[in-house]
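# Commentary on secondary and tertiary structure
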Amino acid sequence: MSIGAGIALFVIGAILAFAVNLPNDYVSLSMIGYIMMGAGVVVFLIGIVLLARRRQTDTVTRTQGVGDAQVTRSTTRSNDDLV
């Protein structure tokens, strides 16, 4: 979700910075576009980092002998500390 939001912010910012040419005395649309492009890059990078953290998994396998039979337990947990 944040990757798509970052791309959308970047695209909207690029449109404001390079394609819109409206005379305005109060607000510089070019500056708003550049700020949105920067925010889009930051949100995109944060989304990539969170996606990479979410995919790291630890797998723990335990084998215990109970009489003649062996019991195998597998536990998989992901590192979702920030989510």
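Summarised in this report is the structure supplied together with it. Please read these numbers as outputs of a predicted model, since none were measured by experiment.

## Quick word on the overall build of the protein
Along the protein, the regular secondary structure elements total two helices and two strands. Secondary structure of the protein in N-to-C order comes out as α-α-β-β. In the protein, of all internal contacts separated by at least 6 residues, the share reaching a separation of at least 24 is 42%. In the form shown here, the protein has an accessible surface area of approximately 6,600 Å², with 61% of it arising from carbon and sulfur atoms.

## Observations regarding the packing of aromatic side chains
Inspection of the entire model under this criterion finds one aromatic pair. Ring geometry for Phe18 and Tyr34: centres 5.9 Å apart, planes at 75°, overall edge-to-face. Here Tyr34 lies in helix 2 (residues 29-55) and Phe18 lies in helix 1 (residues 2-19), a separation of 16 residues in the sequence.

## Regarding the environment of Ile35
For Ile35, the position within the fold is in helix 2. Considering only alpha carbons, one finds Ile35 and Leu9, 26 residues apart in sequence, at a separation of 9.4 Å.

## A short note on the environment of Ile15
In this fold, Ile15 is placed in helix 1. The partly exposed category is assigned to Ile15, whose relative accessible area is 45%. Measuring from C-alpha to C-alpha, the distance between Ile15 and Met37 comes to 9.6 Å, with 22 residues separating the pair along the chain.

## Digging into the environment of Val20
Inspection of the secondary structure assignment puts Val20 in the loop between helix 1 and helix 2. With 10 residues separating them in the primary sequence, Val20 and Ser30 have C-alpha atoms 8.1 Å apart. Once residues lying within four places of it in the same chain are set aside, the contact partners of Val20 are Ile15 and Leu29.

## Describing helix 1
The terminal C-alpha atoms of helix 1 lie 25 Å apart, and with 18 residues this matches the ideal 26 Å at 1.5 Å per residue to within 8%. Three or more residues of helix 1 are buried, namely Gly6, Gly13, Leu16 and Ala17. Burial along helix 1 is one-sided: seen end-on, the buried residues are contained in an arc of 95°. Along helix 1, the residues that are exposed and aim more than 90 degrees away from the buried face are Phe18 and Ala19.

Analysis parameters
Residues numbered from 1 in each chain as written. Predicted model: local features only at pLDDT ≥ 70, side-chain atom pairs only at ≥ 80, totals over all residues. Heavy atoms only, no water. Helix = DSSP H or I, 4+ residues; strand = E, 2+ residues; numbered from the N terminus. Contact = heavy atoms within 4.5 Å. Areas by Shrake-Rupley, 256 points an atom, 1.4 Å probe, with all protein chains shown as cover. Phe/Tyr/Trp six-rings, centres within 6.5 Å; stacked < 30°, edge-to-face > 60°. Buried < 20%, exposed > 50% of the residue type's maximum accessible area, 1.4 Å probe, protein only. Expected span 1.5 Å × (residues − 1). Arc of directions from axis to C-beta.

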